[in-house]
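Reading the structure
Residue-level listing of the chains:
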Amino acid sequence: MMSGKSYSCTACGHKSRFSKDRTYMDDGFDYLCKVVLMGDSGVGKSNLLSRLTRNVFNLDSKNTIGVEVATRNTHVDGKTMKAQIWDTAGQERFRAITSAYYRGAVGALLVYDIAHRQTFENVERWLKELRDHADNNIVIMLVGNKSDLRHLRAVPTDEAKAFAEKNNMSFIETSALDSTNVETAFQNILTEIYKIVSMKQIRDSNDDDNSPSSNVQTIQVAPTDNSMPRPKKCCNG
């Protein structure tokens with residue numbers, strides 16, 4: 001079962017991407033991850049986010065100005081993952097503003113509209129921008145949104161799937177309107193992020209642990225004062 005809440009960010013909000021302050025610690029999560037939504041204006045990014053976090057679809061949804069952030073918790077392998085999901089503006093005039101927000105992301109949902117081919121053709125440009133600004137190991141999922149408009153389909157599923165495979169991305173088609181695959185898309189990308197992070201922590205722990213026992217994974221050195229709260233783990237470290 002996933003739970004979520006949304007809030008607006010300010011221009012300096014990116015400073016709290018992986019914050020370990022008490023506000024976040026009191027939420028009781030194990031990993032804090034930043035995931036970005038990318039794609040042209042009008043492909044349905046904001047409605048995907050509102051459907052996921054509030055189970056709401058707005059037919060009169062307006063273009064996002066700047067960046068909107070929502071949070072969502074999910075459980076993977078017994079761990080609680082808190083995802084900060086960033087809805088980046090798709091309009092060209094906002095690209096210079098939002099490019100900085102790709103940095104620090106560990107996951108990205110690259111969204112196009114299956115009924116508008118130009119939005120799919122622009123995916124390659126968005127992918128280049130993402131890889132120019134984000135970490136090399138970022139997990140990327142290609143999302144064909146508005147699958148409910150199958151009678152107006154302009155992008156064949158097989159073509160999109162082949163493009164995703166060629167560019168080392170997973171692929172799914174969703175509909176924010178009728179909720180098809182929305183939960184699945186987010187659950188899948190967070191599960192993939194968790195697997196990568198877990199493997200990295202195991203490798204790092206094995207490299208650092210010269211003691212006879214290798215059962216304990218040391219992620220960070222605990223505070224000297226036992227009364228102090230232990231820091232949370234975050235998805236890019």
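Residues numbered from 1 in each chain as written. Predicted model: local features only at pLDDT ≥ 70, side-chain atom pairs only at ≥ 80, totals over all residues. Heavy atoms only, no water.

Some words on the overall build of the protein
Looking only at helices and strands, the protein has seven helices and eight strands in total. Taken across its 237 residues, the protein has 48% of its residues classed as buried. For the protein, the exposed area adds up to about 12400 Å²; of that, 49% sits on carbon and sulfur atoms. (Helix = DSSP H or I, 4+ residues; strand = E, 2+ residues; numbered from the N terminus. Buried < 20%, exposed > 50% of the residue type's maximum accessible area, 1.4 Å probe, protein only. Areas by Shrake-Rupley, 256 points an atom, 1.4 Å probe, with all protein chains shown as cover.)

Describing the packing of aromatic side chains
The geometry of an aromatic ring pair comes down to the distance between the two centres and the angle between the two planes. Under the criterion given, the structure shown has three aromatic pairs. On the numbers, 5.7 Å between centres and 80° between planes, the contact of Tyr-31 with Tyr-194 is edge-to-face. Highlighted residues: Tyr-31 in strand E2 (residues 31-38) and Tyr-194 in helix H7 (residues 182-208), separated in sequence by 163 residues. The exposure classification of Tyr-31 matches that of Tyr-194, with both residues buried. The ring of Trp-86 has Lys-34 lying over it, and the distance from NZ or CZ to the ring centre is 4.2 Å. (Phe/Tyr/Trp six-rings, centres within 6.5 Å; stacked < 30°, edge-to-face > 60°. Lys NZ or Arg CZ within 6 Å of the ring centre and 35° of its normal.)

A few points about the nonpolar core
Within the largest apolar cluster, 29 residues are counted, with the highest numbers of intra-cluster contacts made by Met-81, Leu-109 and Ile-193. Counting residues per element, the ones that place at least two in this core are E2, helix H2 (45-54), strand E3 (67-76), strand E4 (79-88), strand E5 (107-113), strand E6 (139-145) and H7. The leading source of residues in this core is H7, at eight residues. Counting residues in hydrophobic clusters, the runner-up holds 26 residues, among them Tyr-101, Ile-114, Leu-142 and Ala-160. (Core = buried A, V, L, I, M, F, W, Y, C linked by side-chain atoms within 4.5 Å.)

Considering the confidence of the model for the protein
For the protein, per-residue confidence averages 77 on the pLDDT scale, and 67% of positions sit at 70 or higher. Contacts from residues 1-26, a stretch scored under 50 in pLDDT, to residues over four places away or in other chains number 63 contacts. Between residues 211-224, whose pLDDT stays under 50, and residues either more than four places distant or in other chains, the model counts 16 contacts. (pLDDT = per-residue confidence, 0-100. Contact = heavy atoms within 4.5 Å.)

Notes on the pairing of E5
Most of E5 is tucked away, with seven of its seven residues classed as buried. Residues Gly-107, Leu-109, Val-111 and Asp-113 of E5 are buried on one face, and the alternating residues Ala-108, Leu-110 and Tyr-112, pointing to the opposite face, are buried as well. Both E2 and E5 contribute to a ladder of four bridges, which runs parallel. What sits directly across from Val-36, in E5, is Ala-108. (Pairing = 2+ DSSP bridges.)

Some points on the pairing of E4
Across a regular strand the side chains alternate sides, sitting on one face of the sheet and then on the other. Of all the ten residues making up E4, nine are buried; the element is thus mostly covered by neighbouring parts of the structure. Here E2 runs beside E4; their pairing, made up of seven bridges, is parallel. Of the residues in E4, the one forming a bridge with Val-36 is Trp-86. Pairing of E3 with E4 involves ten bridges; the strand directions are antiparallel. Each bridged residue has a counterpart across the sheet, and for Asn-73 the counterpart in E4 is Lys-82.

Overview of unusual backbone geometry
A positive phi angle is found at Asp-77, which is not glycine, with a value near 55°. In this fold, Asp-77 is placed in the loop between E3 and E4. With a phi angle near 60°, Asn-168 is a residue other than glycine that sits in the positive phi range. With respect to the element layout, Asn-168 can be found in the loop between helix H6 (157-166) and strand E7 (170-173). The exposure class assigned to Asn-168 is exposed, which follows from its relative accessible area of 69%.

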